[in-house]
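# Structural description and commentary
The primary structure of each chain is shown beneath.
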Amino acid sequence: MNAALRRMITGALALSLAAPLAACGDSGDDTGTDQESVGLLLPENKAARYESFDRRIISSRISTLCLECKVDYRNAEEQVDIQKRQFEAMVKKGVKVIILDPVDAHAAKSWVDAAAEKGVKVVAYDRLAEGDVAAYVSYDNEKIGQLQGKGILAALGSRAADADVVMLNGSPTDPNAPSFKKGAHDALDGKVHKIVYEKDIPEWSAAEARKKMSEAVKELGPAGFDAVYSANDGMAGGAAEALKSAGLKNVPLGGQDAELPALRRLVSGTQSFTIYKQVRPEAETAAEIAFRLLRGKSIASFTPTTADSKSKSKIPAKLFNAQIVTRKNMQDTVIRDGVVPTDWICSKGLAAACKSLGLD
């Protein structure tokens, strides 16, 4: 076992021991009070980041800040009704601060407003929930979309002005998705010939992305497009499968989240880039804000800007910047930061390609 991998495993074990981990799903005692608890509600467990990083980092940071505090964790598994019951159960128990990454930002408005009337502070995390939220921690999502659009342009190179592009956008229920889309259009419109096919993909479904990509190939023909914009890596995986099934190679394809399968596709050449958003600063900032709200302290030093939702303006916010990752700068980004060990990326027949990139 190499040293980097040993450190990662040791760190993950330490986090798992330090973090009080509650069960996933809809179960949970709704009696008693939890004045010293911070609620953590994450939207799904298909994306690797939520269980492997966000949950553990937030739990670990809160336990460091407050030895007597507990983290009451639930995962909605993409079900709005489940998340609503989880949220309301926490409020009933007496949890005074809830970190919420909503399955459906608009559906969350009534719960958030009802909780705020009872003095419960809600920290919108990663996605901006509607309603009377106390703070918002995420990335600048329009800038991320712009980075994705620029990634497509860079991958097309001198062909960009004459290129036709397929766009697979994020889930309509995710408030971040329109921002990604707008940012991507800001970068692409007028710089490429035309967006020839564009669909929003419900629930960020990789299977649906594959279906729509296959549909695009059928409608446009194998030579009817030059690049594919995918709003995240999971959908990019579905698109890559559809392109492979159609016998298409060397089609620029972008994603987001720097997931392990996407990093492997970067090495193999079947994906052109991904967007790397460091989870740790985002998660630790959310934990810091939640703790300060629990103690009635100012959060001004952690929220240097504001954000507007459809239902509330000037929400105290911290918005981080992201960066493009390609096969050329992988060593200096995700590998350097310890997100994924080189051994994990370079398995499954990628040893030769990794060696050529200096990743062996």
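For the structure given in this document, a descriptive report is provided here.

What counts and what doesn't
- Every chain is numbered independently, its residues counted from 1 as its sequence is written.
- Where totals are concerned, whole chains, interfaces and linings use all residues; where local detail is concerned, this predicted model gives features only for residues with pLDDT of at least 70, and gives and counts side-chain atom pairs only at 80 or more.
- Processing note: side-chain calculations cover all non-hydrogen atoms of the structure and skip hydrogens and water entirely.
- Definition used for salt bridges: Asp or Glu carboxyl oxygen within 4 Å of a side-chain nitrogen of Lys or Arg.
- Only DSSP runs of H or I reaching four residues or more are called helices, and only runs of E reaching two or more are called strands; each is numbered from the N terminus.
- For every residue, the accessible area (1.4 Å probe, protein chains only) is compared with the maximum for its type, and the residue is labelled buried under 20%, exposed over 50%, or partly exposed between those bounds.
- The directions from the helix axis to the C-beta atoms are what the arc is built from.
- Any two residues whose heavy atoms approach within 4.5 Å at even a single point are treated as in contact.
- By nonpolar core we mean a set of buried residues, namely Ala, Val, Leu, Ile, Met, Phe, Trp, Tyr and Cys, connected to one another through side-chain atoms within 4.5 Å.
- Each Phe, Tyr or Trp ring, with Trp reduced to its six-membered ring, pairs with another whose centre is within 6.5 Å; inter-plane angles below 30 degrees give stacked pairs, above 60 give edge-to-face pairs, and intermediate values give tilted ones.
- Here, any two strands with at least 2 DSSP bridges between them count as paired.
- Helix axes are fitted only over the stretch in contact, all axes being lines through C-alpha atoms; the angle between N-to-C directions runs from 0 to 180 degrees.
- Criterion for a disulfide: a pair of cysteine sulfur atoms at a distance within 2.5 Å.
- In this scheme, a helix's expected span is set at 1.5 Å multiplied by one less than its residue total.
- Contacts described as polar in this section are N or O atom pairs within 3.5 Å, which, within protein, must combine one atom able to donate a hydrogen with one able to accept it, while residues neighboring in sequence count only if both atoms come from side chains.

### Things to note about the pattern of salt bridges
Scanning all chains against the criterion turns up 23 salt bridges. We note a salt bridge from Glu-88 to Lys-84, for which the minimum N-O separation is 2.9 Å. Residue Glu-88 and its partner Lys-84 are both found in helix 3 (residues 80–93); the two are separated by four residues, about one turn of the helix. A residue is classified by how much of its surface remains accessible, and Lys-84, at 30% relative accessible area, is partly exposed. Here Asp-186 makes a salt bridge to Lys-182, at a shortest N to O gap of 3.2 Å. One end of the pair is Asp-186 and the other is Lys-182, both in helix 6 (residues 176–188) and four residues apart, which spans about a single turn. Residue Asp-186 is classed as partly exposed on the basis of its relative accessible area of 43%. A residue is classified by how much of its surface remains accessible, and Lys-182, at 41% relative accessible area, is partly exposed. Sharing partners across several salt bridges, the network here consists of Arg-49, Asp-54, Asp-126 and Glu-282.

### Brief notes about helix 4 (residues 109–117)
Within the sequence span of helix 4, burial applies to Trp-111, Val-112 and Ala-115. One face of helix 4 carries all of its buried residues, which in axial projection span an arc of 95 degrees. Along its buried surface, helix 4 packs onto helix 3, strand 3 (97–100) and strand 4 (121–125).

### Focus on the nonpolar core
By size, the foremost hydrophobic cluster in this structure holds 71 residues, and its most contacted members are Ile-99, Tyr-125, Leu-168, Met-213, Phe-225 and Val-228. Tallying contributions element by element places helix 10 (residues 279–295) first for this core, with nine residues. Residues within four places of Ile-99 in sequence aside, it is in contact with Val-38, Gly-39, Leu-40, Leu-41, Ile-58, Ile-62, Val-123, Tyr-125, Ala-286, Ala-287 and Ala-290. The next biggest cluster of nonpolar side chains, apart from the first, holds 21 residues, and it includes Val-120, Ala-124, Ala-129 and Tyr-136.

### A short note on the packing of aromatic side chains
Scanning the model with the defined rule gives three aromatic pairs in all. With a centroid separation of 5.8 Å and 50 degrees between ring planes, the pair formed by Phe-87 and Trp-111 is classed as tilted. Remark: Trp-111 occurs in helix 4 and Phe-87 occurs in helix 3; sequence separation between them is 24 residues. The class for Phe-87 is buried, based on a relative accessible area of 1%. Aromatic side chains Phe-180 and Trp-204 sit 6.3 Å apart centroid to centroid with 70 degrees between the ring planes, which places their arrangement in the edge-to-face category. Within this pair, whereas Phe-180 is found in helix 6, its partner Trp-204 is found in the loop between strand 7 (194–200) and helix 7 (206–220), the two being separated by 24 residues in sequence. The pair formed by Phe-180 and Trp-204 is uniform in burial state, with each residue classed as buried.

### Topic: the sheet that holds strand 3
Ordered by their spatial adjacency, seven strands build an open sheet running 2-1-3-4-5-12-11, and the pairing between neighbours is mixed. Each edge of the open sheet is held by one strand with a lone partner, namely strand 2 (70–75) and strand 11 (305–307). Sheet twist, expressed as the mean angle between neighbouring strand axes with direction ignored, is 25 degrees. Relative to strand 5 (residues 135–139), strand 4 is paired through three bridges, and the arrangement is parallel. Across the sheet, residue Ala-124 finds its bridge partner in strand 5, namely Tyr-136.

### Thoughts on the state of the cysteines
Taken as a whole and assessed by the stated rule, the structure comprises two disulfides. Sulfur-sulfur distance for the disulfide between Cys-66 and Cys-69 comes to 1.9 Å. Where Cys-66 bonds to Cys-69 through sulfur, the torsion about that S-S bond is close to 70 degrees, and the disulfide is right-handed. Summarising the burial analysis for this pair, Cys-66 and Cys-69 share the class buried. Here Cys-346 engages in a disulfide with Cys-354; their sulfurs sit 2.1 Å apart. On the sign convention where negative means left-handed, the S-S torsion of about -100 degrees between Cys-346 and Cys-354 marks this disulfide as left-handed. Comparing Cys-346 with Cys-354, the two get one shared label, buried. In the chain, the cysteines engaged in disulfides, taken in order along the sequence, are linked 1-2, 3-4.

### Concerning helix 7
Taking 1.5 Å per residue, 15 residues should reach 21 Å; helix 7 reaches 21 Å between its end C-alpha atoms and fits that length. Residues of helix 7 that are buried in the fold lie against strand 6 (164–169), strand 7, strand 8 (227–230) and helix 8 (233–245). Where helix 7 begins, one side-chain oxygen reaches toward the backbone nitrogen of Ala-207, 3.3 Å away; that side chain belongs to Ser-205.

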